[in-house]
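A structural walkthrough
Each chain, written out:
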Amino acid sequence: MKTQFPFGRRLPCDIYWHGVSFHDNDIFSGQVNKFPGMTEMVRKITLSRAVRIMQNLFPEEYNFYPRSWILPDEFQLFVAQVRMVKDGDPSWKPTFIVKPDGGCQGDGIYLIKDPSDIRLAGTLQSRPAVVQEYICKPLLIDKLKFDIRLYVLLKSLDPLEIYIAKDGLSRFCTEPYQEPSPKNLHHVFMHLTNYSLNIHSGNFVHSDSTSTGSKRTFSSILCRLSSKGVDIKKVWSDIISLVIKTVIALTPELKVFYQSDIPAGRPGPTCFQILGFDILLMKNLKPILLEVNANPSMRIEHEQELSPGVFENVPSLVDEEVKVAVIRDTLRLMDPLKNKREKHFPDIYMDRKHRFLPVSDRMSSSKLQLSEISIVRSQPHKKPLAGKEGPSDCEPAGASDTNPNPEAHLPSICLKQVFPKYAKQFNYLRLVDRMANLFIRFLGIKGSMKLGPTGFRTFIRNCKLSSSSLSMAAVDILYIDITRRWNSMTLDQRDSGMCLQAFVEAFFYLAQRKFKMLPLHEQVASLVDLCEYHLSLLDERRLVCGRSSRAGGRAPGSSTPQGATRSAQQADGHPPCCTDSARKSSGPRRALS
Ligand code: ADP
């Protein structure tokens, strides 16, 4: 950052780097490195719920997340489903992993073979948790299980912009892997890849190389796989796909948090966030999502025991190689002056297909003030990764040092944009996102995250969803039933009303009623289309009404789309500027003509 305020903040900053969450400070401008609600969203239970909604809609696309049940609420369901599958296939001998909600670093995690395991009874009484199918056949290297930590930058929520770091970390177990059996279930060094656990094993290997030891770069793993003939481009593209789909599952609720903390039209900061994705590769190379971390460790040192009980922090080459590049590029991408420069010198920036210019180029081409680029120059320049286009390239870092290009000594960009770059392939999955837009439109009171009964009725009316077979009384009952159930399940009792997940459930129900014969995702897509269609007609009508009323001397504020949206939230669900006769006219299109 340009300026640091170790003794307290006095002036507004360009970038705020919070340690824990968005709420660490009250901020009204600049950019914050945390999104409101992210910590809540990536907790094990919330993540499982968000992914499950997507699994219901798109089971094939979201089969990268193990089947999970939320405890204690879904214990009976867990027991029943396991019994059902076992009855159908007696040879199925599953293992399950139990993870306390909000836990980290392997804390409180254990494996079980059967829902009747006595430890589960203890968990049910103590803390909420997720019980998940255990992936029994992970890919092994040197006979050891390992996982991948990938860094992902969520640069913006709306429009959605996602970047993935070209290299990540691979964290190894420290005891040779065996498929789970009652004898080895409790061997944490065999089954759990957490660095924080394995560091305490006598077998942990600190290495000076990034391709050996208990923590390595992911690119070194890919190189090794490539040398054995594995199609690593496919592995990498499956990983990108997993990341985009997971972010798509998280964005709907993040948007609800966002509008609550940073209401549109009010001064406020924008947000970005570095996320840590933990991914397991199965033996067949399919990537599996383990979890998402909102505060991934950015430490580039590790503790070394000099003599018994005496520890010292020493630099960790592998952490440095991966993490410094992630922070450096995040700051480059979030550079508040970049947009200004892009506006002033569009040719320079467009020529390079959205790649950022190295500092030297920016200086010579645009004659920028030194002070303007300090945000980039102040970042540590580590060993160059020049020439690497992705982990699929097995060129060792620095291999292109002989490159005659004078910029070669500068580190290349390690964060690769994947969205909107691949938007076309993934946009069809953003159905819940569109539902969240509808939900937010009818929320009403600024700052609220829950929909009241009037807002829900207005939604039904404005989207023309009530009919002879769905009376408004039935709509009220639907609202009460679903809202009550969700409020008894979720811990958040801050405000009453219908949360987004409850709205999604109600939406699914309405879609199933209206479009009976279609598969669920088509039912839902059809209903979203229908709602958006009616709302756009309403907005057009409001614009016309607004224009004519302005001509008649009305206050101009009411004709803005925001003004129109706000008035849509009025109790009767009709724009105040439209008369009853306009409301009753047979079609909004006719009202426009
Ligand atoms: P924590 O936040 O406590 O680290 P994780 O969900 O990351 O919890 O799980 C800890 C470790 O357990 C992972 O790093 C991984 O090695 C192992 N693990 C977690 N879930 C599974 C699973 N479904 N199948 C196989 N191994 C798993």
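Here's a quick rundown of the structure. Just so it is clear, the structure is predicted and the values come from calculations on it, not from any experiment.

Moving on to the overall build of the protein. For the protein, the helix and strand inventory stands at 22 helices and 17 strands. Buried positions account for 51% of the 593 residues belonging to the protein. Put simply, of all contacts in the protein between residues at least 6 apart along the chain, 66% involve residues at least 24 apart. Accessible surface, the protein: about 28,300 Å² in total, of which carbon and sulfur atoms supply 55%.

With that settled, consider the site of the ligand. With respect to spatial proximity, 23 residues lie near the ligand, and among them Lys 99, Gly 106, Thr 193, Asn 194 and Glu 291 are the closest. One of the side-chain nitrogen or oxygen atoms of Lys 145 is found 2.9 Å away from a nitrogen atom of the ligand. Relative to its free-state accessible area of 540 Å², the ligand is covered by the protein chains to the extent of 99%. Sorting the residues of the shell around the ligand by element identifies β4 (96-100), β6 (129-133), β8 (144-156) and β14 (287-293) as the ones contributing at least two each.

Our focus in this paragraph is the sheet that holds β4. Working definition: the strands of a sheet are paired by backbone hydrogen bonds and lie parallel or antiparallel to each other. Read across the sheet, 4 strands follow the order β3-β6-β4-β5 without closing on themselves; strand pairing throughout is antiparallel. Each edge of the open sheet is held by one strand with a lone partner, namely β3 (68-71) and β5 (110-112). On average, each strand axis in the sheet is inclined to that of its neighbour by 25°, with strand direction left out of account. Two strands pair when backbone bridges link them, and β3 and β6 are joined in this way by 4 bridges, in the antiparallel orientation.

Take the nonpolar core next. Counting 106 residues, the largest nonpolar core has Ile 162, Phe 277, Phe 456, Phe 459, Phe 503, Phe 507 and Val 524 as the members making the most contacts within it. Sorting elements by how many residues they give to this core places helix α8 (residues 232-261) first, with 15 residues. Leave out the neighbours within four places in its chain, and Phe 459 touches Leu 438, Phe 442, Leu 465, Phe 503, Phe 507, Leu 510 and Cys 531. Core analysis: the second largest hydrophobic core is formed by 17 residues, Leu 153, Val 318, Leu 331 and Cys 414 among them.

It is worth spelling out the sheet that holds strand β12 (residues 270-271) at this point. Spatial ordering of the open sheet is given by β1-β2-β12, a layout of 3 strands whose pairing is parallel. Each having just a single partner strand, β1 (15-16) and β12 make up the two edges of the open sheet.

Thresholds, definitions, all that
- Residues numbered from 1 in each chain as written.
- Predicted model: local features only at pLDDT ≥ 70, side-chain atom pairs only at ≥ 80, totals over all residues.
- Heavy atoms only, no water.
- Helix = DSSP H or I, 4+ residues; strand = E, 2+ residues; numbered from the N terminus.
- Buried < 20%, exposed > 50% of the residue type's maximum accessible area, 1.4 Å probe, protein only.
- Contact = heavy atoms within 4.5 Å.
- Areas by Shrake-Rupley, 256 points an atom, 1.4 Å probe, with all protein chains shown as cover.
- Near = heavy atom within 4 Å.
- Polar contact = N/O pair within 3.5 Å; in protein donor to acceptor, adjacent residues only side chain to side chain.
- Pairing = 2+ DSSP bridges.
- Axes fitted to C-alpha atoms, helices over the stretch in contact; angles between N-to-C directions.
- Core = buried A, V, L, I, M, F, W, Y, C linked by side-chain atoms within 4.5 Å.

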